[in-house]
Amino acid sequence: GKQGIILAEECEDAILRNNIVYANGIHGIVVYQQSNRAIVEGNQSYANAGQGINVNNSEDVIVRNNQVYGNHEDGIGIGQNARDNSITGNKVWNNTRDGITLYSDASHNVVQSNDVHENGRYGIYAKSAGNQVFDNRVLDNSKKDIVKP
């Protein structure tokens, strides 16, 4: 299959908790197309061909206390106009690209209290403006630990 678990097309108020998601053809866990107010917590997402957890075009999503590692792209990707999401308490390591990335007009997201280390490029890469990144433990990433616009 392409995705491990996917919430799409206004799948609102969903909870994804305590799942093991691995070796999928694209992303491990995906929340998109206005799947607002979802909670993604306590999951392991690893060895996926894309991102471990991907949130795009959704609001008020909570991504917390997940273990995200060994993915072939980014650990956690927040993009495509995703806004007002909270990414907290995750352990993100050993992903091929970035540990956590905010891109494509993602705004008003909070990235806080995550442990991000040993990723192939950046620990936290905030390519989109208007996000808050603070109180994270970020170290030993290949290029740089935190990049913000």
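Data block above holds the structure.
This text gives an overview of the structure that appears in the document. Quick caveat: nothing in here was measured; it's all calculated off a predicted structure.

## Here's the deal with the overall build of the protein
Scanning the protein for helices and strands turns up 0 helices and 19 strands. Relative to the globule expectation of 15 Å for 149 residues, the C-alpha radius of gyration of the protein, 13 Å, shows essentially globular dimensions. In terms of principal-axis extent, the alpha carbons of the protein reach across some 35 × 30 × 20 Å. Every one of the 149 residues in the protein was classed for burial, and the buried ones make up 48%. Restricting to contacts in the protein with at least 6 residues of sequence separation, those with at least 24 account for 50%. Of the roughly 6700 Å² of accessible surface on the protein, 41% is carried by carbon and sulfur atoms. Of the side-chain charges in the protein, 13 are positive and 17 negative, and the distance between the mean point of each set is 5 Å.

## Structural notes on the pattern of salt bridges
If you walk through the whole model with that rule in mind, you get 9 salt bridges. Here Arg37 and Asp13 are joined by a salt bridge, their closest N and O atoms 2.8 Å apart. Placement of Arg37 in the loop between strand 4 (29-32) and strand 5 (39-41) and of Asp13 in the loop between strand 1 (5-7) and strand 2 (15-17) is noted, with a sequence separation of 24 residues between them. Given a relative accessible area of 38%, Arg37 falls into the partly exposed group. When the shortest N-O distance is used, the salt bridge between Arg83 and Asp84 registers 3.4 Å. Here the salt bridges do not stand alone but share partners, grouping Glu12, Asp13 and Arg37 into one network.

## A closer look at the sheet that holds strand 13 (residues 100-102)
Read across the open sheet, the 7 strands follow the order 1-4-7-10-13-16-19; overall the sheet is parallel. Looking at which strands have only one partner, the edges of the open sheet turn out to be strand 1 and strand 19 (144-147). Going from strand to strand, the sheet's axes swing by 10 degrees on average, the running direction of each strand aside.

## Examining the nonpolar core
For soluble globular proteins, the rule of thumb is that nonpolar side chains tend to be buried together. In terms of nonpolar packing, the biggest core is built from 27 residues, with Ile53, Val55, Val63, Ile76, Ile78 and Ile100 touching the most fellow members. Contributions of two or more residues to this core are made by strand 4, strand 7 (53-56), strand 10 (76-79), strand 13 and strand 16 (122-126). Once residues lying within four places of it in the same chain are set aside, the contact partners of Ile78 are Val55, Asn85, Ile87, Thr101, Leu102, Tyr103, Ala106 and Asn109.

## Quick notes on the environment of Cys11
Tracing the sequence through the fold places Cys11 in the loop between strand 1 and strand 2. Spatially, the C-alpha atom of Cys11 lies 8.6 Å from that of Val31, the residues being 20 residues apart in sequence. In this structure, Cys11 is in contact with Gln34, Ser35 and Asn36, ignoring residues within four places of it in sequence.

## Here we look at the packing of aromatic side chains
Think of a pair of aromatic rings as described by two things: how far the centres are apart, and how the planes are tilted against each other in angle. If you walk through the whole model with that rule in mind, you get 4 aromatic pairs. On the numbers, 4.5 Å between centres and 10 degrees between planes, the contact of Tyr69 with Trp93 is stacked. Of this pair, Tyr69 sits in strand 9 (residues 67-69) while Trp93 sits in strand 12 (residues 91-93), and the two are 24 residues apart along the sequence. Looking at Trp93, the relative accessible area reads 23%, which means it is partly exposed.

The rules behind these values
Residues numbered from 1 in each chain as written. Predicted model: local features only at pLDDT ≥ 70, side-chain atom pairs only at ≥ 80, totals over all residues. Heavy atoms only, no water. Helix = DSSP H or I, 4+ residues; strand = E, 2+ residues; numbered from the N terminus. Rg over C-alpha atoms; globule rule 2.2 N^0.38 Å. Buried < 20%, exposed > 50% of the residue type's maximum accessible area, 1.4 Å probe, protein only. Contact = heavy atoms within 4.5 Å. Areas by Shrake-Rupley, 256 points an atom, 1.4 Å probe, with all protein chains shown as cover. Lys, Arg positive; Asp, Glu negative; His and termini not counted. Charge placed at Lys NZ, Arg CZ, Asp CG, Glu CD. Salt bridge = Lys/Arg side-chain N within 4 Å of Asp/Glu carboxyl O. Pairing = 2+ DSSP bridges. Axes fitted to C-alpha atoms, helices over the stretch in contact; angles between N-to-C directions. Core = buried A, V, L, I, M, F, W, Y, C linked by side-chain atoms within 4.5 Å. Phe/Tyr/Trp six-rings, centres within 6.5 Å; stacked < 30°, edge-to-face > 60°.

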